[in-house]
Each structure stands twice: as C-alpha cells, then as structure tokens.
Amino acid sequence: MRKSLVAFGGSLFILAGCAAATDGGVVAEQAGASTSGAAAMPVLRRWIVVTKQDHLDEGESAVARTGGHALSALRELGVTSAVGDDAFAAAAAQDPAVEAVGLEPFYALPEVLVAPSGDAQADARGDAAEGASAPTAADDLYALQWNLRRVRAPGAWARLPLNVQRRATVAVIDSGVLDTHPDLAGAVVDRVATNLCPETDGSSPSSPRYTLRVDLEKNPGWQPGDPCEPAPNVRYDQHGTHVAGIIGARFGGGRVVGVGPGLSIAAYKVFDRIVIPTSNGPTEVFAAAQSSVFAAVADAVAKGYPVINLSLGSAVDRTTEAGRARYEAWARLARHARRHGTLLVGAAGNEATRSSETARTLPGDLPTVVGVSATGTDALSVADGNLVASGADVLAPYSNYGEPVDLAAPGGDCGPVAGTCDPRHLILSTIVRPDGTPGYGFAGGTSMAAPHVAAAAGLVFAAGRRLPVDFGAAYVLLTAERLGPAEKFGRGMVDVEKAAIPASLALPRRLELPAGLAQRGAAADPG
C-alpha cells in the first residue's frame, strides 16, 4: 500500500492489506540471460502463452513447435504455462496460433506489521453456537467490529439460519487458512494446495505454514518435479486467515464474527516463498505464481463453488506484449468462471491510483469480476456497547478507484487524525500468529473490503440455491447503498441484509444486471 499502516502498542497484530509490490504487484522480472563466460548461455524462464482461439487445445502444440516445454495448460481457455528461453518466447510470439506471450507474473503479499507486545491469543470458548442467530457472550471482540454493522450483516443473520448459510461455499484463494482456529473450526470444508511447493510434513494442504521455497535465482526455469529447498526458518502467513474470518468466523467458537457466520469456506493455498535475483543479491519474497492462482480458480469452478474471493492481484499495462498476455489470460479465466456459474469478487488494489483503459488492476478490474474499493469512516462512536461508524464513509487513502469499481465495502484506514493510526478504524479478524497459534488482528486494505462482498454474495446463493450467477450478482449490486461518485464507490456500499433477504423469496419477473456489468459480462471483453 502506498500509505503504510503503522504498528501500535496495543493488544493485537496489525496487518497491512494486500499491496502491490514492484511493477504493480509483480515481484520482479525473472532472471535474464547470463553474461559470464565466452558466450552467453540461454536461460530458461517461465512464460504465459495465450492462443488466438480459446476453447481450443493449441497452446501446447504452439509451445512444442517453437522450442518450449509446456508445464500446464487450461485447454478450455487457450492459456498455457511454459518454460523456455528468450528465443522460444520470440518464436512463440510470431506463431500464427498465438495471441500473446509474456513472462509469468508472481503476485506479492505485503509484510506483516506486528504490535510490540501483548498480542491477543485465540481461546476456544466452546463449540460454535449452532442455534444462534447473533453473537454470543464468547464473541467478546465483536464490539470492535464496526464494519459488520456498517454493511448491515446482523439483519441477515436474523433471517438466514446458520444451516441455510452453510449451503453456500466461498472459495478463498490466498495464502492458506488456519482451519484449527477456534473461530474457523468446522467452517473449512475443502483444503487445496496449488502452490509450487506444497508442504510435505503432513500438515493440512491449505495450512498457512511455509517451510519450503523455490530458488528462481539458481533455477529460473523451475518446473514441477524440480526440488523445493528447505527454507532457513518456518513462516506462517496471516493474510488468508484474516480474509477467511471476515467471511465466515463462527458464532461462539472464538472471539469474533464473520459477515456470514454459517458460510462454508474452501481454502486454497497459492503462495510460495521464492528466491529471486536482485541488484543486492538473492532475495526471498512471498508471492504466488499466476499458474498457481489459475489452477485454484479452475478447481473451485469445477467443484461448483458459487463465489470466489480474490484478495490479490497486480497492475497491468495493456500496451505491452506481456501485459496483453496477462490481461487476456485473466479475462478468459473470468469468463469461464461466469459461464460455469461462479461469481468472482476481486480487490480493487491498494496503489491509490485511477484505473484507465490501458492500466488495469487484475483481476479486480475485469469486466466479469465484481471489483471492490475500500472505505473507511471519519468517525467512530459507541452505541449499546458496540463501535459503530457514525461519520461519513470515505474512500480509503490507499484504495484504487475508477470505472471498473462495482461496489465498496469497509477496508479500514488509520482514522481521521493525520500522522497517527488508530487500530479501531481497521478491520478486526482472525489470524495465525508467528508461532503458528491462532490469534486476532486488525488489517487495512482492499483485501479486507473484497471478502465483505464475497460473503454477501455467498449468503445470496445460500438463500436462493438455484439462483443463476447473473441474478446473484444483480442482487448484490442493485441492493447497494448509494454513497457518492461511482468511480470511487461503484454502485455503493454493499448491504448484506438487503442483498441476502430478497434472494430467499420468489424471484422477480424481471431482474437484469446493471447495463455496465451486463455489457462487461458479454462473451468477449472489449479490446
């Protein structure tokens, strides 16, 4: 994020939201050709090859005849991940079957800022309260969750029993989820690792534990089957667990509550510890290969999950060959998801920039993805013992904005006082602590805004089990509370109660997507 969130001397962790790294979220360029020795040796690198026709199995053939090696292919989409040198990429770009070729991007997550002392642990307060329709006495941090009241989630809880909410599964494609967290126990129904180096220690496939890494400095053309090396220490990443808690933290299980406390969660682990070459020597980063993200989305769609949350991404320049390849690959994946009945919800990005026709943030800016900007509030007050947003909604200072924004949701910020960071203005949710134990923390970012909308959509599909994906999207969009300029807030603040409740009733005779989204959801995206 351009405006970083400072650590505070309180009782909880603070995370910075999912920020873009160098090159708009792409960790770094992969290693170039060697210049040592009498002759430069060609260096293998990882590429994305997009064929001119989707739905055709041409990518692997094009890669083979131009001197590359296909790693994986989404044949329905005409998108292939491949290894080859620069000569291969140049030849592939000229192949009559190929639309575009670009280096495979690796998407970054931000570092975690930790409170100096006294982090709040997660205690198992008892079994999740199956019959509850509201937070219990065990949920003692619920009073700090102003964001839930701002999106009117409690109104939906009173009308949608937990057993109804459980009908819908929201896929969280992220850094993994601590499924043993007291607030998430029983919520995670599927655990999948599509990252490059899945753990081999017997832990859950989607555990946020990382003990292995890929060394792209030594082996820039790394491919499945090549060894992963042991990392010098154990890392636990909190991002995915924080996002999952916003979506579905249980009543009575721990100390916080999610937007949809009965929703089921499918946890996908797509990130890796990766060593990359830099001007300062080999450097470890935490990032997700695009092929890992695509494999997770394809798996979630194949399993019929109605909603996917994507609190990740990067900026893309569509005027470059690599940018066109990246954009077209994502656009095809998003269209594929929509055709098969899955709604993608994406973060707008944290660069405080305005999207343009040539500069987009993927995947949140895509036509068939519900893009979510982040809001804060300029005042908090206490009502009935709970924090509430009593001031005006404001676009968070880090949030991207522009025509692609469809909805807004609380992402949190540092509050209205310049030069300070009041953690109460951030978003409180579940985390995994650095030692692997469950805890709670505040975070800010469009990464935190998107899961509010993903959970609202999950409740819509839970209430209307046979609801077509476009109708589900329409319920979420058309029931939003209008806020201000569309380029900042889209159609407005997501309203969980209004979105979910009509979906449990009879479908109206006529319900259409807003013109912009309907256009953008057409079979082909605009150039």
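Residues numbered from 1 in each chain as written. Predicted model: local features only at pLDDT ≥ 70, side-chain atom pairs only at ≥ 80, totals over all residues. Heavy atoms only, no water.

S.K.: Requested: an account of the pairing of strand E15 (residues 307-310), with residues and values cited.
M.R.: In summary, the side chains of a regular strand alternate between the two faces of the sheet. Side chains Val307 and Asn309 of E15 all project onto a buried face; the interleaved residues Ile308 and Leu310 project onto the opposite face, where all are buried too. As paired strands, strand E8 (residues 169-174) and E15 are joined by 3 bridges and run parallel to one another. Looking across to E15, one finds that Val170 is bridged to Val307. Bridge count between E15 and strand E17 (residues 343-347): 4 bridges; the pairing is parallel. Looking at the pairing, Asn309 lines up with Val345 of E17. (Buried < 20%, exposed > 50% of the residue type's maximum accessible area, 1.4 Å probe, protein only. Helix = DSSP H or I, 4+ residues; strand = E, 2+ residues; numbered from the N terminus. Pairing = 2+ DSSP bridges.)

S.K.: For the environment of Pro416, give the residues involved together with the corresponding values.
M.R.: Tracing the sequence through the fold places Pro416 in the loop between strand E23 (405-410) and strand E24 (427-432). Given the relative accessible area of 56%, Pro416 is considered exposed. Those residues in contact with Pro416 that sit more than four places away from it in its chain are Asp378 and His425. (Contact = heavy atoms within 4.5 Å.)

S.K.: Summarise the sheet that holds strand E2 (residues 45-51); cite the residues concerned and give the values.
M.R.: Spatially, 4 strands are ordered E3-E4-E2-E5 in an open sheet, and the strand pairing comes out antiparallel. Both outer strands of the open sheet, strand E3 (69-74) and strand E5 (98-103), are each paired with one neighbouring strand and no more. The average angle at which neighbouring strand axes cross in this sheet is 25°, direction not considered. Its contacts with the sheet put helix H7 (residues 290-302) on E2, E3 and strand E4 (79-84), and the angle it makes with E3 is roughly 30°. (Axes fitted to C-alpha atoms, helices over the stretch in contact; angles between N-to-C directions.)

S.K.: Residue-level account of the packing of helix H6 (residues 239-248) against helix H9 (residues 446-463), with values.
M.R.: Two numbers describe how H6 lies on H9: the axes approach to 8 Å, and their chain directions differ by 35°. The way H6 lies across H9 gives a crossing that is right-handed. Seen from H6, the contacting residues are His239, His242, Val243, Ile246 and Ile247; seen from H9, they are Ser447, Met448, Pro451, His452 and Ala455. Residue classes in the contact of H6 with H9 are distributed as 6 nonpolar, 4 polar and no charged. (Left-handed = near helix turned anticlockwise from the far one by under 90°. Nonpolar A, V, L, I, M, F, W, Y, C, P; charged D, E, K, R; others polar.)

S.K.: Requested: an account of the pattern of salt bridges, with residues and values cited.
M.R.: The tally for this structure, following the rule as stated, stands at 26 salt bridges. A network of salt bridges, in which partner residues are shared, links Arg213, Glu229, Arg273 and Glu284. (Salt bridge = Lys/Arg side-chain N within 4 Å of Asp/Glu carboxyl O.)

S.K.: Let's hear about unusual backbone geometry: which residues, and what values?
M.R.: Generally, phi is negative for residues other than glycine and the peptide bonds are trans, each holding for most cases. Of note, the bond from Leu362 into Pro363 is cis; its omega dihedral lies within 30 degrees of zero at 5°. Along the chain, Pro363 falls in the loop between strand E18 (359-362) and strand E19 (369-377). The residue Arg152 is not glycine, and still its phi comes out positive at about 60°. Phi is positive for Ala352, close to 55°, though the residue is something other than glycine. By the element assignment, Ala352 lies in the loop between E17 and E18.

S.K.: A description of the packing of aromatic side chains should follow, citing residues and the corresponding values.
M.R.: Scanning the entire structure with this criterion turns up 5 aromatic pairs. Relative to Phe286, the ring of Phe271 lies with its centre 5.4 Å away and its plane at 20°, an arrangement referred to as stacked. Of the two residues, Phe271 sits in the loop between strand E12 (264-269) and strand E13 (272-276) while Phe286 sits in strand E14 (residues 283-289), which places them 15 residues apart along the sequence. The burial state of Phe271 is the same as that of Phe286; both residues are buried. What links up through ring pairs into an aromatic cluster is the set Tyr142, Trp157 and Phe251. We note Arg149 situated over the ring of Tyr142; from NZ or CZ to the ring centre the distance is 4.8 Å. It is Lys269 that lies over the ring of Tyr210; its NZ or CZ is 4.1 Å from the centre. (Phe/Tyr/Trp six-rings, centres within 6.5 Å; stacked < 30°, edge-to-face > 60°. Lys NZ or Arg CZ within 6 Å of the ring centre and 35° of its normal.)

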